Amino acid sequence: MHSPEQELPAMRPPTSMTIAGSDSGGGAGIQADLKTFTALGVYGTSAITALTAQNTRGVQAVIPIDPQDVIRQVTSVLDDIPLDATKIGMLASAEVIAALAETIGSRRVAFGHLVLDPVMVATSGDVLLPDTATELLRERLLPLTHVITPNLPEAARLLDVPVAADLDAMADQAEQLRDLGAEVVVLKGGHREAEEEVVDVVAHPGGVDLLRAERVHTRGTHGTGCTLAAAIAAQYARIARARTPGNGGLRFLATTPDAADEIGGAQAPGDDLAAIGAGRDFLQRALRGGAEQQLSVAPQDGHGPVDHLITIARREAED
């Protein structure tokens with residue numbers, strides 16, 4: 001006679017790890033990433049690179065974590081839980097970047113699709129990555145990544161050039177970042193605030209694409225970069241599991257019903273744009289949901305978070 005445990009199907013869920021800082025206010029960093037993974041049906045693991053005293057109005061303190069303690073967290077996960085994707089966010093110091101680059105370089109396959117959000121400055125304007133660490137991130141970590149998701153100031157800082165003023169300059173900078181080693185570059189255009197639509201430039205092996213979305217006018221923009229990168233990583237994780245033999249029941253989890261699509265067979269050339277597009281769709285919906293919420297006692301003084309639970313709330317309403 002078999003026990004109930006033995007009769008359960010041995011299907012592993014999609015998995016992802018976030019390597020980032022902790023946001024005590026819950027709107028960005030580790031907290032935003034894990035919420036996003038959950039909302040998109042992915043099992044989330046984490047390694048915290050720094051603690052922050054942070055809320056919607058700014059960052060009051062950054063408490064560093066020893067680089068070896070960061071690596072202990074990472075290797076503890078790698079030694080036990082297979083990963084389909086990894087999202088990297090705030091790294092806080094050159095020492096953490098160096099230690100992490102060494103670990104990833106020695107076990108690259110174990111991290112799955114690697115999405116790097118080069119967090120340098122918070123929405124509030126607080127500097128989160130020292131200047132001395134930028135060169136190390138560019139030279140040692142960027143070449144190990146599959147996708148990098150800088151905003152306009154971050155791209156300019158990585159390339160040591162002026163901030164791109166138009167789409168042609170954005171496309172040129174995205175290609176320059178690809179030349180530094182990243183396979184796919186998502187150069188985010190949200191900082192071009194004069195525009196009524198947000199245009200992101202995606203440079204990939206097949207060329208350059210423009211992804212457009214209506215601008216959501218809201219102060220609830222805290223954690224948007226973290227959320228997008230985490231959503232893209234989550235979609236890669238789902239794609240990876242859907243392509244694994246024995247996991248044919250999994251679906252590529254788009255965030256709108258008419259965008260859902262079956263995935264099967266070998267790696268498809270359009271997977272990058274599919275994952276990025278679905279990640280952007282999730283962020284767009286989370287922005288709209290966040291615009292309808294108020295968390296802070298002084299919402300006019302800061303930037304509230306996006307609504308990371310937008311897909312969960314929608315499903316509960318449908319049920």
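Residues numbered from 1 in each chain as written. Predicted model: local features only at pLDDT ≥ 70, side-chain atom pairs only at ≥ 80, totals over all residues. Heavy atoms only, no water.

With respect to the overall build of the chain
Then, in step 1: Assigned secondary structure in the chain consists of 10 helices and 9 strands.
Then, in step 2: In the chain, buried positions account for 51% of the 319 residues.
Then, in step 3: Residue pairs at least 24 apart in sequence account for 69% of intrachain contacts in the chain once pairs closer than 6 positions are excluded.
Then, in step 4: Approximately 14200 Å² of the chain is accessible, and the part contributed by carbon and sulfur atoms is 52%. (Helix = DSSP H or I, 4+ residues; strand = E, 2+ residues; numbered from the N terminus. Buried < 20%, exposed > 50% of the residue type's maximum accessible area, 1.4 Å probe, protein only. Contact = heavy atoms within 4.5 Å. Areas by Shrake-Rupley, 256 points an atom, 1.4 Å probe, with all protein chains shown as cover.)

Focus on the pairing of strand 7 (residues 184–187)
Then, in step 1: Side chains Val 184 and Val 186 of strand 7 all project onto a buried face; the interleaved residues Val 185 and Leu 187 project onto the opposite face, where all are buried too.
Then, in step 2: Pairing analysis gives 3 bridges linking strand 7 to strand 8 (residues 197–204), with the strands arranged antiparallel. By the bridge assignment, Leu 187 is partnered in strand 8 with Val 201. (Pairing = 2+ DSSP bridges.)

Thoughts on the environment of Gly 206
Then, in step 1: Within the secondary structure layout, Gly 206 lies in the loop between strand 8 and strand 9 (207–214).
Then, in step 2: Expressed as a C-alpha distance, the spacing of Gly 206 and Gly 270, which sit 64 residues apart in the sequence, is 9.5 Å.

Some details on the nonpolar core
Then, in step 1: If you look at the biggest cluster of nonpolar residues, it comprises 43 residues, and the most contacted ones within it are Ile 19 and Ile 88.
Then, in step 2: Looking at this core element by element, the count peaks at 7 residues for helix 4 (residues 94–106).
Then, in step 3: Residues within four places of Ile 19 in sequence aside, it is in contact with Ala 47, Thr 49, Val 74, Thr 86, Lys 87, Ile 88, Gly 89, Met 90, Leu 91, Leu 100 and Phe 111.
Then, in step 4: Residues Phe 37, Ala 85, Ala 229 and Tyr 236 belong to the second largest nonpolar core, which totals 30 residues. (Core = buried A, V, L, I, M, F, W, Y, C linked by side-chain atoms within 4.5 Å.)

Considerations on the sheet that holds strand 6 (residues 147–148)
Then, in step 1: Across the sheet, 9 strands lie side by side as 3-2-1-4-5-6-7-8-9; this open sheet has mixed pairing. One side of each edge strand has no neighbouring strand; the edge strands of this open sheet are strand 3 (58–64) and strand 9.
Then, in step 2: The sheet contact formed by strand 8 and strand 9 spans 8 bridges and is antiparallel. Its bridge partner being in strand 9, Val 202 is matched across the sheet by Asp 209.

Considerations on the side chain of Arg 241
Then, in step 1: Within the secondary structure layout, Arg 241 lies in helix 8 (residues 224–242).
Then, in step 2: We note that Arg 241 is buried and unpaired, the nearest opposite charge coming from Asp 84 at a distance of 4.2 Å.
Then, in step 3: From its side chain, Arg 241 meets the backbone oxygen of Arg 12 in a polar contact 3.4 Å long. (Lys, Arg positive; Asp, Glu negative; His and termini not counted. Salt bridge = Lys/Arg side-chain N within 4 Å of Asp/Glu carboxyl O. Polar contact = N/O pair within 3.5 Å; in protein donor to acceptor, adjacent residues only side chain to side chain.)

Some thoughts on the pairing of strand 2 (residues 43–55)
Then, in step 1: Of the strand pairs in this sheet, strand 1 (residues 15–23) and strand 2 are connected by 8 bridges, and their pairing is parallel. Across the sheet, the residue bridging to Thr 18 is Ser 46, located in strand 2.
Then, in step 2: For the handedness criterion, the β-α-β arrangement of strand 1, helix 2 (residues 29–39) and strand 2 is classed as right-handed.
Then, in step 3: Relative to strand 3, strand 2 runs antiparallel, the two sharing 6 bridges. When the bridges of strand 3 are listed, Asn 55 appears paired with Gly 58.
Then, in step 4: Between strand 2 and strand 3, which pair antiparallel one after the other, the connecting turn spans 2 residues. (Right-handed = clockwise from strand over helix to strand, strands pointing away.)

Let's talk about the environment of Gly 220
Then, in step 1: Mapped onto the elements of the fold, Gly 220 is located in the loop between strand 9 and helix 8.
Then, in step 2: Spatially, the C-alpha atoms of Gly 220 and Gly 290 are 5.8 Å apart, while their sequence positions differ by 70 residues.
Then, in step 3: What Gly 220 contacts, discounting residues up to four positions off in sequence, is Leu 287, Gly 304, Pro 305 and Val 306.

Points about helix 4
Then, in step 1: Taking 1.5 Å of rise per residue, the 13 residues of helix 4 would be expected to cover 18 Å, and the 19 Å separating its terminal C-alpha atoms lies within 8% of that figure.
Then, in step 2: Where helix 4 is concerned, the buried positions are Ala 94, Val 96, Ile 97, Ala 99, Leu 100, Ala 101, Thr 103 and Ile 104.
Then, in step 3: Here the buried face of helix 4 lies against strand 1, strand 2, helix 3 (67–78), strand 4 (85–88), strand 5 (113–116) and helix 5 (131–141). (Expected span 1.5 Å × (residues − 1).)

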